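# A structural walkthrough
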Amino acid sequence: MTEKIKLGVIGMSEGNGHPYSWSAIMNGYTSVMEECPFPAIPAYLKQEAYPNNFINNALVTHVWTQDLQVSHHIAKSAKIANVCADKLEMLSEVDGVLLARDDAENHMGFAKEFIQAGLPIYIDKPVAHSMKNLDTLLSWQQYEGQLFTCSALRYADELMLSVAEQEELGDLRMINAVTPKSWEKYAVHIIEPLVARFGPFELDKIHTTNTREVRQLTGILNERTKVNLTSVGNTAHPIQLEFV
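How each quantity is defined
- Residues numbered from 1 in each chain as written.
- Predicted model: local features only at pLDDT ≥ 70, side-chain atom pairs only at ≥ 80, totals over all residues.
- Heavy atoms only, no water.
- Phe/Tyr/Trp six-rings, centres within 6.5 Å; stacked < 30°, edge-to-face > 60°.
- Helix = DSSP H or I, 4+ residues; strand = E, 2+ residues; numbered from the N terminus.
- Buried < 20%, exposed > 50% of the residue type's maximum accessible area, 1.4 Å probe, protein only.
- Pairing = 2+ DSSP bridges.
- Contact = heavy atoms within 4.5 Å.
- Axes fitted to C-alpha atoms, helices over the stretch in contact; angles between N-to-C directions.
- Parallel < 35°, antiparallel > 145°, perpendicular 65-115°, else oblique.
- Left-handed = near helix turned anticlockwise from the far one by under 90°.
- Nonpolar A, V, L, I, M, F, W, Y, C, P; charged D, E, K, R; others polar.

Once that is clear, we can look at the packing of aromatic side chains. Under the definition given, this model contains 5 aromatic pairs. Measuring from centroid to centroid gives 5.3 Å for Trp-22 and Tyr-122, while their planes differ by 80°, and the two rings are edge-to-face. With Trp-22 in helix 1 (residues 18-27) and Tyr-122 in strand 5 (residues 121-123), this pair connects stretches of sequence that are 100 residues apart. Overall, the relative accessible area of 18% leaves Tyr-122 in the buried class. With centroids separated by 5.9 Å and ring planes inclined at 50°, the aromatic side chains of Trp-64 and Phe-110 adopt a geometry described as tilted. On the criterion of sequence distance, the pair formed by Trp-64 in strand 2 (residues 58-64) and Phe-110 in helix 4 (residues 107-116) is long-range, its members being 46 residues apart.

What follows is the structure, encoded as C-alpha cells:
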C-alpha cells in the first residue's frame, strides 16, 4: 500500500469553512462535523460516499488556526491527529501545506516560511489582490510549481460548453457570468473557468462598475465575444455561466 501524502492545514478566515471541508474530503469526518459553523459543509459531505468519492492518497495530519479551540474542533470533526499551537510546528512533519484562508491580503504572512522551506503549498483563492503581492509569493518559490492555487470550477466540465454544444450554438457572441458574494473573493470562480477554456480577455477593453453590492466587469474575448462578469454580493444567486 502506497504511503499517503501528509498535509497540514492552516486556517481560518472569516466566513470561510475550508479547513473543515478540505480536511474531511481526505480524512472523512465524525459526528462532530454536525456542529460545524457552516451548515452547508456537513450537508454536502453527506451527499458523497466515503471513501469512494473522497481523496484517498492524502491525509491531513496537522491543523493550525489562530484560535486553539477552533483548531481542536476542526481536528475532532475531520479526524486530524495533531493540533498545532504554532503553525511552524508542522513545518518538518508534513509533505505539503493547504493554506485554507481566502483573505488574500494575509497570504504572504502565512505562506512565507513554508514556501522558503521548499514545501509544496496550495493557497486558497484568490491568491493575491495585486501583481506586487503575487510576484513576491512567486519569488519565494524554491522550484517551479511549488505554489499552486486555483478555483475548483476550473475543472468543472459541467459548467462549460461541450464540443457538440459549441458546434450547435455556433459563433459565440456573448458570455454572461454571475457569482454570489464579494467580487474580491468570488469573481475568480467565474473568471478562471473562462480563461482556462477560452484564453485571456483583452484588458484594454475592460471597464468596471460598482453599484451597491453589485460589481461588474466587461471585456472582449478573442476580439469578438463580449464577456460580462458580475458579482451580486449577498443576493441569493447560483454561480452561472450563460453562452449566447
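Structure shown, so let's carry the discussion forward.
Okay, the sheet that holds strand 2 next. Adjacent strands of a sheet form backbone hydrogen bonds with each other and so pair up, either parallel or antiparallel. The strand order 3-2-1-4-5-6 describes an open sheet built from 6 strands, whose pairing is parallel. The open sheet has two free edges, formed respectively by strand 3 (82-83) and strand 6 (147-148), since each of these has just one partner strand. Pairing geometry for strand 1 (residues 5-10) and strand 4 (residues 96-99), over 4 bridges, is parallel. Paired with Ile-10 across the bridge in strand 4 is Leu-99. In this fold helix 4 packs onto strand 1, strand 2, strand 4, strand 5 and strand 6, with an angle of close to 170° to the strand it touches most, strand 5.

At their nearest, the axes of helix 4 and helix 5 (residues 131-139) sit 10 Å apart, and the two run at 15° to each other. Taken together, the axes of helix 4 and helix 5 are roughly parallel relative to one another. Remark: the crossing between helix 4 and helix 5 carries left-handed chirality. Contact residues: helix 4 offers His-107, Met-108, Ala-111 and Ile-115, while helix 5 offers Asn-133, Thr-136 and Leu-137. In the contact of helix 4 with helix 5, the residues fall into 4 nonpolar, 3 polar and no charged.

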